[in-house]
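Summary of the model geometry
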Amino acid sequence: MNLIVAVDENWAIGNKNKLLVSIPKDHKMFREETTGKVVVLGRKTLETFPQGQPLKNRTNIILSKDPNYQVKGAVVLHSTEELLQHLETYDSKDVYIIGGESIYRQMLPYCDTAHVTKIAHAYEADTFFPNLDESPEWRVTSSSEEETYFDLEYQFVKYERNQVK
């Protein structure tokens with residue numbers, strides 16, 4: 001299973017239920033990576049999307065503790081166990097965890113690939129992603145050249161979980 005996230009230099013991912021910054025090439029990479037695939041996200045993340053609608057051309061799975069929560073055009077599940085059982089019907093290579101913070105934390109143990117856009121800036125933030133650079137379980141397997149968007153430098157970094165011998 002994959003996850004995809006953009007982080008600042010402190011591994012922050014958001015502030016006041018919004019992304020820290022919008023970088024067109026990051027959005028393009030996200031679209032290319034997830035189109036035609038399965039995306040797993042939380043209710044709060046869905047509410048940040050345009051009109052709060054599921055992403056087009058993807059299977060959207062929303063995790064919400066609210067048993068009455070429903071979303072047109074999406075599968076709504078209510079526990080990690082229910083989600084994992086449902087995900088067995090898909091090829092794990094086609095599943096992407098896309099946020100927010102609590103969904104990332106719940107699902108990180110089940111992921112083996114992390115697509116991280118690392119932004120060389122520290123933002124004011126209230127939500128964070130676990131720092132994979134400090135985790136012995138993860139290693140960098142590829143990284144792009146440094147890119148620039150206006151005065152922001154960023155890089156696409158792929159992490160893979162170390163296989164237990």
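Because the structure is a prediction, the values reported are computed rather than measured.

**Let's talk about the overall build of the protein**
Scanning the protein for helices and strands turns up 4 helices and 12 strands. In summary, the protein has a C-alpha radius of gyration of 15 Å against a globular reference of 15 Å for 165 residues, a match within 12%. Referenced to the eigenvectors of the C-alpha coordinate spread, the extents of the protein come out at roughly 45 × 45 × 30 Å. A total of 165 residues make up the protein; the buried ones form 42% of that total. Considering only intrachain contacts with a sequence separation of at least 6, the fraction spanning at least 24 residues in the protein is 62%. For the protein, the accessible area works out to roughly 9500 Å², and carbon and sulfur atoms hold 48% of it.

**Quick look at unusual backbone geometry**
That bond from Gly99 to Gly100 is cis: its omega, 0°, falls within 30 degrees of zero. Assignment of secondary structure puts Gly100 in the loop between β7 (95-99) and α4 (101-107). Its identity is not glycine, yet Lys16 carries a phi of approximately 50°, on the positive side. Summarising the element assignment, Lys16 is placed in the loop between β2 (12-15) and β3 (18-19). In this structure Lys16 comes out as exposed when scored by relative accessible area, which is 59%. The phi torsion at Gln51 lies on the positive side, around 55°, for a residue other than glycine.

**Here's the deal with the environment of Phe150**
Turning to its location among the elements, Phe150 is positioned in the loop between β11 (147-149) and β12 (152-161). In this structure the C-alpha to C-alpha distance between Phe150 and Ile23, which are 127 residues apart in sequence, comes to 9.6 Å.

**Digging into the sheet that holds β3**
Read from one edge of the open sheet, 3 strands run β3-β2-β9, paired in antiparallel fashion. Looking at strand neighbours, the two that pair on one side only are β3 and β9 (127-128), the edges of this open sheet. Pairing of β2 with β9 involves 2 bridges; the strand directions are antiparallel. If you follow Ala12 over to β9, its bridge partner there is Phe128.

**Regarding the environment of Lys65**
As for its position among the elements, Lys65 is in the loop between β5 (59-63) and β6 (75-77). Classification of Lys65 as exposed rests on a relative accessible area of 79%. A C-alpha to C-alpha distance of 5.0 Å links Lys65 and His78, two positions 13 residues apart in sequence.

How each quantity is defined
Residues numbered from 1 in each chain as written. Predicted model: local features only at pLDDT ≥ 70, side-chain atom pairs only at ≥ 80, totals over all residues. Heavy atoms only, no water. Helix = DSSP H or I, 4+ residues; strand = E, 2+ residues; numbered from the N terminus. Rg over C-alpha atoms; globule rule 2.2 N^0.38 Å. Buried < 20%, exposed > 50% of the residue type's maximum accessible area, 1.4 Å probe, protein only. Contact = heavy atoms within 4.5 Å. Areas by Shrake-Rupley, 256 points an atom, 1.4 Å probe, with all protein chains shown as cover. Pairing = 2+ DSSP bridges.

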